[in-house]
Protein chains: 2
Amino acid sequence: MTTSTHETEIISDPHVPLVRIIREFDAPPERVFRAHTDPELFARWNGPRRHVMRYDHFDCRTGGSYRYLLESAGNEYGFRGCFHEVRPSELIVQTFTFEGLPDGVALERLIFEDIGNGRTRLTATSLVDSFEGRDAFVASGMEEGVREGYQRLDELLAG
Amino acid sequence: MTTSTHETEIISDPHVPLVRIIREFDAPPERVFRAHTDPELFARWNGPRRHVMRYDHFDCRTGGSYRYLLESAGNEYGFRGCFHEVRPSELIVQTFTFEGLPDGVALERLIFEDIGNGRTRLTATSLVDSFEGRDAFVASGMEEGVREGYQRLDELLAG
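Residues numbered from 1 in each chain as written. Chains lettered and ligands numbered in written order. Predicted model: local features only at pLDDT ≥ 70, side-chain atom pairs only at ≥ 80, totals over all residues. Heavy atoms only, no water.

Chemist: Mind showing me how you'd approach the state of the cysteines here?
Modeler: Simply put, disulfide is the name for a covalent bond between the sulfur atoms of two cysteines. On inspection of all chains with the given rule, the structure shows one disulfide over all chains. Here C82 of chain A connects covalently by a disulfide to C82 of chain B, the sulfurs 2.3 Å from one another. One quick way to see it: the torsion about the S-S bond of C82 of chain A and C82 of chain B is about 65 degrees, and its sign makes the bridge right-handed. Of the two residues, C82 of chain A is situated in strand β5 (residues 75–87) and C82 of chain B in strand β5 (residues 75–87); the pairing between them involves two chains. Of the two residues examined, C82 of chain A and C82 of chain B, each falls in the buried class. (Disulfide = S-S within 2.5 Å. Helix = DSSP H or I, 4+ residues; strand = E, 2+ residues; numbered from the N terminus. Buried < 20%, exposed > 50% of the residue type's maximum accessible area, 1.4 Å probe, protein only.)

Dropping the structure here:
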């Protein structure tokens, strides 16, 4: 099996302080969804390659919560949130905070869409309460982490 | 003890799809906060008087979740969400969905501010992903429920 190369679209909404990330994968929604909800699988692709992921906890179900750490070059970055809704193979709605900016909270929505031929379109939106906050997030280098993470997810799904 | 009458300010933000509700109470932050986090107290004031509140669950702590029902004239309305952060006497960040509109999710932030003389200013913001959704929420009659709920909270705090 060969894995095609896919573009990751990252779009800053002009009307509301939201970022929309769109990416297609060569696997059906069930498998792409599971790679987001199974902690063992999620740790294998989330974030850039140079980081090591370590869980505090990860309880991906409606009403659950999570906290994990990404370690790189002796530094540790914490991330946490709660799962508002987890609808199998369709939808995850969750909150997200980078602990380095503890008062910044994003509302994230991940939509898993069946586009046929065993493929999935993932649309991930991240909503915050100011355009300044949204633009700082986009300028923070998150793009590299997102693209590299999804390349790792391609590899996991092809394996 | 007499309870002063307080205005509830409800402001639609002009720049982002957010509603800001500001209200002062004649009690210190610890007590106003507890009236939001203790399920027995919360049920005594949340929503309009004509509704009866019934819990599915209410676990108000960082990483917890809730679901409750408001019953009125034979109809039942469900509400649910997760608690992103609960910081004693200071802050609650939570999600909120009215189950009649299951794909609508708000990110809510409640800030409890000590304004001296045993009084508290509560600022509650509700962020959604479109201006249409925000304006429909404001036009839905939520104002009556909010004002009446806070009058009931005044009475509880004075009791």
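Now that the structure has been shown, we can carry on.
Chemist: Sorry, what's going on with unusual backbone geometry here?
Modeler: Most peptide bonds take the trans form, and the phi angle of most residues other than glycine is negative. A positive phi is found at A73 of chain A, a non-glycine position, where the angle reads about 50 degrees. Residue position: A73 of chain A is located in the loop between β4 (65–72) and β5. Unusually for a residue other than glycine, N117 of chain B sits at a positive phi of about 55 degrees. Among the secondary structure elements, N117 of chain B is positioned in the loop between β7 (106–116) and β8 (119–127).

Chemist: In this structure, what is going on with the pairing of strand β2 (residues 18–25) of chain B? I would like to understand it.
Modeler: As a general feature of sheets, a regular strand has side chains that alternate between the two faces. All names here are of chain B. Along β2, six of the eight residues are buried, which leaves the element largely enclosed by surrounding structure. Relative to β2, strand β1 (residues 9–12) runs antiparallel, the two sharing four bridges. For I11, the partnering residue across the bridge sits in β2 and is R20. Adjacent in sequence and paired antiparallel, β1 and β2 are bridged by five residues. Two elements, β2 and β8, share eight bridges in a ladder whose sense is antiparallel. Along β8, the bridge assignment pairs V19 with S126. (Pairing = 2+ DSSP bridges.)

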